[in-house]
Amino acid sequence: MKNTEILLTIKLQQMLFIDPKRVRLLKEIEQCGSINQAAKNAKVSYKSAWDHLEAMNKLSPSPLLERNTGGKNGGGTVLTNYAKRLLQLYDLLEKTQDHAFNILQNETIPLDSLLAATARFSLQTSARNQFFGKVAYQRMVNSRCIVDVNIEGLKAPLQVSITPKSASRLKLMTEKEVMLMIKAPWVKITPQPLEGQTNQFPVNIKSINEEEAILGFKESNIEFCASLTSPNQWQITQQVWLHIDPEQIILATLE
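Residues numbered from 1 in each chain as written. Predicted model: local features only at pLDDT ≥ 70, side-chain atom pairs only at ≥ 80, totals over all residues. Heavy atoms only, no water.

**Digging into the pairing of strand 10 (residues 200–208)**
Here is the rule: For two strands to count as paired, DSSP must find a minimum of two bridges between them. Think of it this way: any DSSP run of H or I at least four residues long counts as a helix, any run of E at least two long counts as a strand, and we number them from the N terminus.
One ladder, built from 5 bridges, connects strand 10 with strand 13 (residues 239–244); its direction is antiparallel. Paired with Phe201 across the two strands is Leu242, which belongs to strand 13. Bridge count between strand 10 and strand 11 (residues 212–216): 4 bridges; the pairing is antiparallel. Bridge pairing in strand 11 links Ser207 to Ile214. Taking the residues that link successive antiparallel strands as the turn, the strand 10-strand 11 hairpin has 3 residues.

Right, dumping it as structure tokens:
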């Protein structure tokens, strides 16, 4: 949406801590090293600048400013590392807000899932296949953690094999939202099902070229992209079987 302005305000202890005007003031201080000059650049009075800085310092968990006694200009005021990180965080939150608002324009992105909305709009990966689901079950098999993930549109869960440390770091639990990433070369296709194969589904070839095939399901809109080494042996509309090694699925989630 054009000409849209979103103003980010942060409160601490139910009092205004930082807003666009105060961010502008801190950035000017960082730039010129002088509160007096920063106030002029930010188009506020010197007293107003001091009032803003004093209000922020009273609420801030750490000091925002410190005196610089050296330098060719005989010293001045500089931002503390905490204040610099605060400005970086504010810029990051502004970008996140812009992304969140722009999501409204894409009705294919669900707004009931933070992981799906964030990943689909902001995350770019080399994996051609990206799916979102929920943890159904976890179990240990031969020192590996096998995670069953339910994906809407698939009749059976996808099984993912990760280390116990990874499972602990991801804080996996039943019904937790996860993202699965599968590179196209990891999706294998065969004309007939393989005996004892995990993550195996019947699909039809929807499109094909010299490098890859798009595989689809009759009962859902889910598609997989698979790399091809011998494209001449496959045909559009042909029914084939896709299968994916549980260890060749990358699992991601939000805290």
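**As for the packing of helix 1 (residues 20–32) against helix 3 (residues 46–59)**
Rules: A fitted line through C-alpha atoms serves as each axis, taken over the contacting stretch for helices, and the angle formed by two N-to-C directions is quoted from 0 to 180°. Comment on the angle field: the value is read as roughly parallel under 35 degrees, roughly antiparallel over 145, roughly perpendicular from 65 to 115, and oblique elsewhere. Residues are treated as being in contact if the distance between any of their heavy atoms lies within 4.5 Å.
The N-to-C vectors of helix 1 and helix 3 enclose an angle of 100°; their axes lie 11 Å apart at closest approach. In this view, helix 1 runs roughly perpendicular relative to helix 3, as classed from their interaxial angle. Taken together, the residues of helix 3 that come into contact with helix 1 (itself represented by Arg22, Leu25, Leu26 and Ile29) are Ala49, His52, Leu53, Ala55 and Met56.

**Quick word on helix 3**
Our working rule: An expected span of 1.5 Å times one less than the residue number is assigned to each helix. Residue burial is assigned from relative accessible area. The probe radius is 1.4 Å, only protein chains are included, and a residue is buried under 20% of its type maximum, exposed over 50%, and partly exposed in between. Each direction from the helix axis to a C-beta atom contributes to the arc, which is the arc of those directions.
Over its 14 residues, helix 3 runs 20 Å from end to end, which matches the ideal 20 Å to within 8%, given 1.5 Å per residue. Taken together, the buried positions of helix 3 are occupied by Ala49, Leu53, Met56 and Leu59. The arc that holds every buried residue of helix 3, seen down its axis, measures 130°, which confines them to one face. Of the exposed residues in helix 3, those oriented more than 90 degrees away from the buried face are Lys47 and Lys58. The elements touched by buried residues of helix 3 are strand 1 (10–12), strand 2 (15–18), helix 1, helix 2 (35–41) and strand 3 (65–68).

**What about a nonpolar patch on the surface?**
Put simply, the rule reads: A patch is a set of surface residues, each over 30% in relative accessible area and not in a salt bridge, joined within 9 Å for like charges and within 5 Å for the nonpolar side chains Val, Leu, Ile, Met, Phe, Trp and Tyr. The accessible surface values rely on the Shrake-Rupley method and a 1.4 Å probe; as for residues, cover is taken only from the protein chains in view. Should a side-chain nitrogen of Lys or Arg be within 4 Å of a carboxyl oxygen of Asp or Glu, the pair is scored as a salt bridge.
Side chains of Leu89, Leu92 and Leu93 sit close together on the surface and give an oily, nonpolar patch of about 250 Å² of accessible area. Its place among the elements puts Leu89 in helix 4 (residues 81–102). Classification of Leu89 by relative accessible area gives partly exposed; the value is 41%.

**Some words on the environment of Lys155**
Looking at where Lys155 falls in the secondary structure, it is placed in the loop between strand 6 (144–150) and strand 7 (158–162). Classification of Lys155 as exposed rests on a relative accessible area of 73%. In this structure, the C-alpha to C-alpha distance between Lys155 and Phe201, residues 46 residues apart in sequence, is 8.9 Å.

**A word on the sheet that holds strand 6**
Here 5 strands make up an open sheet; going across it, the order is 7-6-5-8-14 and the pairing antiparallel. For this open sheet the edge positions go to strand 7 and strand 14 (250–252), each flanked by a neighbour on one side alone. For this sheet, the mean inter-axis angle between neighbouring strands, taken without regard to orientation, is 45°. Sheet topology places strand 5 (residues 129–141) next to strand 8 (residues 177–182); 6 bridges connect them, and they run antiparallel. Looking across to strand 8, one finds that Phe131 is bridged to Leu180.

**Brief notes about the nonpolar core**
Test applied: In this description, a nonpolar core means a group of buried Ala, Val, Leu, Ile, Met, Phe, Trp, Tyr and Cys residues linked to one another through side-chain atoms lying within 4.5 Å.
Grouped together as the largest cluster of nonpolar side chains are 34 residues, with contacts concentrated most on Ile162, Leu172, Leu180, Leu215, Phe224, Leu242 and Leu251. Apart from the residues within four sequence positions on either side, Leu172 is in contact with Val135, Gln138, Val147, Ile162, Ala167, Val178 and Leu251.

**Observations concerning the side chain of Asn129**
Put simply, the rule reads: Whenever a nitrogen or oxygen atom comes within 3.5 Å of another N or O atom, the pair is scored as a polar contact, on the condition that within protein one atom can donate a hydrogen and the other can accept it, and that pairs from neighbouring residues in sequence are kept only if both atoms are in side chains.
By the secondary structure assignment, Asn129 is in strand 5. A distance of 2.6 Å separates a polar side-chain atom of Asn129 from the backbone nitrogen of Cys225. In this view, Asn129 contacts Leu180, Met181, Ile182, Lys183, Ala184, Val187, Glu223, Phe224 and Cys225; residues no more than four positions away in its chain are not counted.

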